[in-house]
Amino acid sequence: MSCDISDYKCADKGLILPLTNEYTWSIGFRAFVYIVGLLYSFMGVSIIADIFMQAIETITSRSAKIKMPDPSNETGYTEVEVKTWNGTVANLTLMALGSSAPEILLSIIEIVGNGFQSGPLGPSTIVGSAAFNLMCITGICIISIPDGIAKRIRNIKVFAVTSIFSVFAYIWLAIILMVITPDFVDLWEAIVTLLLFPIMVLLAYIADKDYCGKKPIDDESKLLELDEENLLNGDHADKHVIVEILRRLKREKEATPDDMARLTAHLMEQNQSHGRGWYRINAIRNLSGGTKLTTTMTGKTNEDQMGSTASFTSMSDGGTKAIIEFAAPSTAVFEKDGHARITVMRHGNLKNRVLYRVETIDGTAVEGEDYISFKDTLVFEPNETEKHIDIQIIDDNIWEPDEVFFGRITIDSEKQNAVVGRRAITEIVILNDDDPGVLEFEHPSFLFKESVGTALVPVNRIDGADGKVTITWKTKDMTAIHGRDYENTEGTLTFDHGERTKFIEIQINDDKVRVLNYFYIIEFSGLVSRITSLTNANLDSLRLQKQTWGQQFVEAMNVNGGDLETATTFDYVMHFLTFGWKLIFALVPPATIWGGWFCFAVSLGMIGLLTAFIGDLASIFGCLIGLDDSVVAITFVALGTSLPDMFASRTAALNEKYADTAVGNVTGSNAVNVFLGLGLPWTMAAVYWSAKGTTFEVPAGSLGFSVIVFTICSLVTIMFLLFRRNLNVFGSAELGGPKIPKILSGIFCIALWVVYVLLASLNAYEHIPGF
């Protein structure tokens, strides 16, 4: 059958597609096929971006050991392991490339595929993605923080630098497109755009290190300069963490070592700070039914695992009833503070007067010994939403482990138009501020004659002597054999309050043979050691890098990476939908090969290939339904490439102590999109056309209008974040804060994004004039 190209709608829009003759297909069917293909490709690019981010995490997590002067150490120095990559530089280079690779590669592929002529899809996707990231994701993060909790950007200097560059990047675009050389980009303009990238990275690094005006420090204080961002926390659990979990679970009779190990890994993950790359990878895996980077609790809820017996309900009968609950599931207070303040909140119906009862319940802390019990009926007056309760803490000078007790809310639902919310019980942790000291052997080795009879090995207690402390020890054979050369192979040693030196007694057998024999004295903890090993196994299973190709295929072929016990229905559905992509991308070399660079190169190539298909799918779909390419770019394509970032930022906002990972990196990423996503392809095209004796043409048109509207909206958004940071009504923080201001702030930011999309779309269709 012959094909009339003049009547073959949208056949000339793609660089690769269509792969087959679609002339006989209806327009509606073709549009359906292309939108399904576009959505499916978004899944694929997300999964390969996961692998790409693994390579980047491997590269940027490389470490080196440095020697710091330490007079207190016998060697005269202390070895500290630090990351080779600075966190700020990593975020603005490889991490930004990892999260923005589809947008950047789309712009490069479009220009190369069009014979080094500018196209509308790449640049508009970059601007549209920046708008969604800055306004919509920021608004979602603001709203997602629990009521009353505020989170600030910690490194405000770096945020200031990246914010200035993110705004200037788009101002610079408007200048070169509409002022200096309208509708053309000279070679020097393209090169300056590209060079702004290393300049921004350099200034952000200077701001991060606070080199400007920083006072010199001595060698000893340099140890303090190595902050938690650069020091390696390690992937394995410490035994004191296990001991704390065991203490909390000692009332749980059915808890197995496996349960304890899983809970320990879960709590360690919840309290550990992670980078933006970690959150993005975890978001993609949650959406695709892949291996999770967090330990999933099974059976009992976390509250049940911790010994809570509360029943929860969130039913408010459509808002007709009030919901009473604690503001936080846990509160920590130092023993010396004298009191613990807990907050009770009311949601839902605020019109009625509500009576409720709050009482304390013993945990490991005992009323009368560790705290003064609280049992009282309290009242929420109409429109009152918060109540603060102070519980007296008893301070003593005896060291003991941190202890917990609980507060519980009860309501007589028959008499009160209210129900208890999900947080019906709150945990109060009393942090002991007495110092038990540190136990150590007096010397690293001891020499005893066989004729000594009983060897006394001194153990000293230094840096504090509060409370009673007991340790367990045992011996380990080397050349000396227990039962033949010595006895007493294990035991306990108890230090009472104030005692500083005790002796381990070991009977030495005299066999009259003059031979020098050795044995060790080591600590052992039985169940603790076993749980430590199990916990480390849990943590090791969550490592980003797979060791072999075989392991990659095993995880690709199994839902939730093979952890079927915790897999949900959603995991099974998404695993089925993405199975093909997972199997294909399991061919990518593991990130453990060549320091991650092999994986980096191969996955980047695959992202580029898949991005080429996405560009064609988006262009042809827009053409089939009558959407302008620029509108398709700022809506479908921008959202498809930014959704993983949205879920990652929201999770980071909830889990991280500071707002840097959630929104602080957005501005830097937006600037990198321009400097690399437009600077690199424009430089390539400008060089090409300069060699031909002409200038690279980039019609401003709707792109110029979109850039100016975005610049105005981004300025408003950044200024609004600064207002939030400095005004008490918003909680003096970028994220969260009081409920009503928080919700209004989020709606305002999201509304700015809607205004940008609406104005840019109307201009593309010439319903409103350009600038």
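Small disclaimer: the values here were computed from a predicted structure and weren't measured.

> Would you explain the overall build of the protein chain in this entry?
From N to C terminus, the protein chain includes 20 helices and 21 strands. Put simply, the protein chain has 771 residues, and 48% of those count as buried. The contacts of the protein chain with a sequence gap of at least 6 include a subset with a gap of at least 24, amounting to 75%. In the form shown here, the protein chain has an accessible surface area of approximately 36300 Å², with 59% of it arising from carbon and sulfur atoms.

> Before we go on, may I ask you to explain unusual backbone geometry in this structure?
Across the chain, the bulk of peptide bonds are trans and the bulk of non-glycine residues have phi less than zero. In this structure, the amide linkage connecting leucine 17 to the following residue, proline 18, adopts the cis form with an omega of -5 degrees. Secondary-structure assignment places proline 18 in the segment before helix 1 (27-60). With a phi close to 70 degrees, aspartate 183 is a non-glycine residue in the positive phi region. Structurally, aspartate 183 is set in the loop between helix 4 (156-180) and strand 4 (184-185). Within the chain, tryptophan 594 stands out as a residue other than glycine whose phi angle is a positive 55 degrees. Relative to the elements of secondary structure, tryptophan 594 occurs in the loop between helix 13 (569-585) and helix 14 (597-625).

> Quick question: what am I supposed to make of the pairing of strand 15 (residues 454-462) here?
Consecutive side chains of a regular strand alternate in pointing toward one face of the sheet and then the other. As defined by bridge partners, strand 14 (residues 438-441) adjoins strand 15 across four bridges and the pair is classed as antiparallel. Considered in strand 15, the bridge of valine 438 is made with isoleucine 462. Taken together, the seven bridges between strand 15 and strand 18 (residues 501-507) define a ladder with antiparallel strand orientation. Counterpart to valine 459 in the pairing with strand 18 is lysine 502.

> Whenever I open this one, the environment of phenylalanine 165 confuses me. Can you help?
On the secondary structure map, phenylalanine 165 appears in helix 4. According to the relative accessible area criterion, phenylalanine 165 is buried, its value standing at 10%. Taking the C-alpha atoms as reference points, phenylalanine 165 and isoleucine 199, 34 residues apart in sequence, are found 9.7 Å from one another. Among all residues touching phenylalanine 165, those that are not within four sequence positions of it are Leu196, Ile199, Met200, Leu203, Ala671 and Phe675.

> Sorry if this is basic, but what is going on with the side chain of serine 603 here?
Here serine 603 is to be found in helix 14. Looking at serine 603, its side chain comes within polar contact range of the main-chain oxygen of phenylalanine 600, at 3.3 Å. Setting aside residues no more than four positions away along its own chain, serine 603 makes contact with Ile48, Ile51, Phe52 and Val588.

> Just to check I follow, could you spell out the sheet that holds strand 18 for this structure?
In a beta sheet, neighbouring strands pair by backbone hydrogen bonds and run either parallel or antiparallel. Judged by pairing direction, the sheet is antiparallel, and its three strands sit side by side in the order 14-15-18 without closing on themselves. Only two strands of the sheet have a single neighbouring strand rather than two, namely strand 14 and strand 18. Strand-to-strand, the axes of this sheet are offset by a mean angle of 30 degrees, without reference to chain direction.

> I'm lost on the state of the cysteines in this one. Help?
What is meant by a disulfide is a covalent connection between two cysteines, made through their sulfur atoms. Taken as a whole and assessed by the stated rule, the structure comprises one disulfide. The disulfide partner of cysteine 10 is cysteine 623, and the S-S distance across this bridge is 1.9 Å. Across the S-S bond linking cysteine 10 and cysteine 623, the dihedral sits near -85 degrees, which makes this disulfide left-handed. Of this pair, cysteine 10 sits in the segment before helix 1 while cysteine 623 sits in helix 14; the two residues are 613 residues apart in sequence, bridging distant segments of the chain. By relative accessible area, cysteine 623 is classed as partly exposed at 22%. Here cysteine 749 stays free of any disulfide, with the sulfur of cysteine 136 as its closest cysteine sulfur at 9.5 Å. Taking the relative accessible area as the measure of exposure, cysteine 749 reaches 0% and is therefore buried.

> I keep staring at a nonpolar patch on the surface and nothing clicks. Help me out?
There is a patch of nonpolar side chains on the surface, built from Leu187, Ile191, Leu195, Ile199, Leu203 and Val687 and spanning about 460 Å² of accessible area. At five residues, helix 5 (residues 187-209) tops the list of elements feeding residues into the nonpolar patch. Residue position: isoleucine 191 is located in helix 5. For isoleucine 191, a relative accessible area of 34% translates into the label partly exposed.

> Explanation requested: the pairing of strand 13 (residues 425-431) in the structure shown.
Across the seven residues that make up strand 13, a large majority, six, are buried. With five bridges connecting them, strand 6 (residues 330-334) and strand 13 associate as parallel partners. Counted as the bridge partner of phenylalanine 334 is leucine 431 from strand 13. As paired elements, strand 11 (residues 403-410) and strand 13 share six bridges and run antiparallel to each other. Paired with phenylalanine 405 across the bridge in strand 13 is isoleucine 428.

> What is the right way to read the side chain of threonine 181 from this model?
Here threonine 181 is to be found in the loop between helix 4 and strand 4. In this structure the side chain of threonine 181 is engaged in a polar contact, spanning 2.9 Å, whose partner is the side chain of glutamate 189. Those residues within four positions of threonine 181 in sequence are excluded, and the remaining contacts are Ile176, Asp186 and Glu189.

> Just to check I follow, could you spell out helix 15 (residues 629-655) for this structure?
Each full turn of the α-helix corresponds to 3.6 residues, which orients residues three or four apart in the same direction. Over its 27 residues, helix 15 extends 38 Å from the first C-alpha to the last, a length consistent with the 39 Å expected when each residue adds 1.5 Å. The principal kink in helix 15, of about 45 degrees, is found at leucine 639.

> Quick question: what am I supposed to make of the pattern of salt bridges here?
Opposite charge on two side chains lets them pair, provided their charged atoms get close. Under the counting rule described, the total for this entry stands at eight salt bridges. One salt bridge in this structure joins lysine 742 and aspartate 147, with 2.4 Å as the shortest N-O distance. Of this pair, lysine 742 sits in helix 20 (residues 739-764) while aspartate 147 sits in the loop between helix 3 (121-144) and strand 3 (150-151); the two residues are 595 residues apart in sequence, bridging distant segments of the chain. Owing to a relative accessible area of 4%, lysine 742 belongs among the buried residues under this scheme.

> I'm lost on the packing of aromatic side chains in this one. Help?
Two descriptors summarise a pair of aromatic rings, namely the distance from one centre to the other and the angle between the planes of the rings. Under the counting rule described, the total for this entry stands at 19 aromatic pairs. A ring pair is formed by tryptophan 597 and phenylalanine 600, whose centres lie 5.4 Å apart and whose planes are at 65 degrees; its orientation type is edge-to-face. Of this pair, tryptophan 597 and phenylalanine 600 both sit in helix 14, three residues apart, roughly one helical turn. A centroid spacing of 6.3 Å and a plane angle of 75 degrees characterise the contact between phenylalanine 710 and tyrosine 756, whose relative ring orientation is edge-to-face. Separated by 46 residues along the polypeptide, phenylalanine 710 in helix 19 (residues 701-726) and tyrosine 756 in helix 20 bring together distant segments of the chain.

> Could you clarify how one ought to interpret the nonpolar core in this entry?
One recurring pattern in soluble globular proteins: nonpolar side chains tend to sit buried together. With 118 residues, the main nonpolar core has Tyr170, Phe675, Trp682, Phe696, Leu735 and Tyr756 as its most contacted residues. For tyrosine 170, the residues in contact, after removing those within four places along its chain, are Ile126, Val127, Ala130, Asn670, Val674, Val707, Phe710 and Thr711. Residues Ile324, Ala340, Val358 and Tyr371 belong to the second largest nonpolar core, which totals 26 residues.

> I'm lost on the packing of helix 2 (residues 87-113) against helix 15 in this one. Help?
Each pair of packed helices gets described by two things: the angle between the helix axes and the distance between those axes. In contact at an axis separation of 8 Å, helix 2 and helix 15 are set at 160 degrees when each is read in the N-to-C sense. The angle between the axes of helix 2 and helix 15 places the two elements in the roughly antiparallel class. For the pair helix 2 and helix 15, the crossing hand works out as right-handed. For the pair formed by helix 2 and helix 15, the contact residues are Ser99, Pro102, Glu103 and Leu106 on the first element and Val637, Thr641, Ser642 and Asp645 on the second. Considering only residue class, the contact of helix 2 with helix 15 consists of three nonpolar, three polar and two charged.

> Where do I start with the environment of proline 102 in this structure?
Inspection of the secondary structure puts proline 102 in helix 2. For proline 102 and serine 642, which are 540 residues apart along the polypeptide, the C-alpha to C-alpha distance reads 9.7 Å. Contacts of proline 102, omitting those with residues within four sequence positions, involve Val45, Ile607, Thr611 and Thr641.

Calculation notes
- Residues numbered from 1 in each chain as written.
- Predicted model: local features only at pLDDT ≥ 70, side-chain atom pairs only at ≥ 80, totals over all residues.
- Heavy atoms only, no water.
- Helix = DSSP H or I, 4+ residues; strand = E, 2+ residues; numbered from the N terminus.
- Buried < 20%, exposed > 50% of the residue type's maximum accessible area, 1.4 Å probe, protein only.
- Contact = heavy atoms within 4.5 Å.
- Areas by Shrake-Rupley, 256 points an atom, 1.4 Å probe, with all protein chains shown as cover.
- Pairing = 2+ DSSP bridges.
- Polar contact = N/O pair within 3.5 Å; in protein donor to acceptor, adjacent residues only side chain to side chain.
- Axes fitted to C-alpha atoms, helices over the stretch in contact; angles between N-to-C directions.
- Disulfide = S-S within 2.5 Å.
- Patch = residues over 30% accessible without salt bridge, like charges linked within 9 Å, V, L, I, M, F, W, Y side chains within 5 Å.
- Salt bridge = Lys/Arg side-chain N within 4 Å of Asp/Glu carboxyl O.
- Expected span 1.5 Å × (residues − 1).
- Bend = angle between axes of the 7 residues up to and from the residue.
- Phe/Tyr/Trp six-rings, centres within 6.5 Å; stacked < 30°, edge-to-face > 60°.
- Core = buried A, V, L, I, M, F, W, Y, C linked by side-chain atoms within 4.5 Å.
- Parallel < 35°, antiparallel > 145°, perpendicular 65-115°, else oblique.
- Left-handed = near helix turned anticlockwise from the far one by under 90°.
- Nonpolar A, V, L, I, M, F, W, Y, C, P; charged D, E, K, R; others polar.

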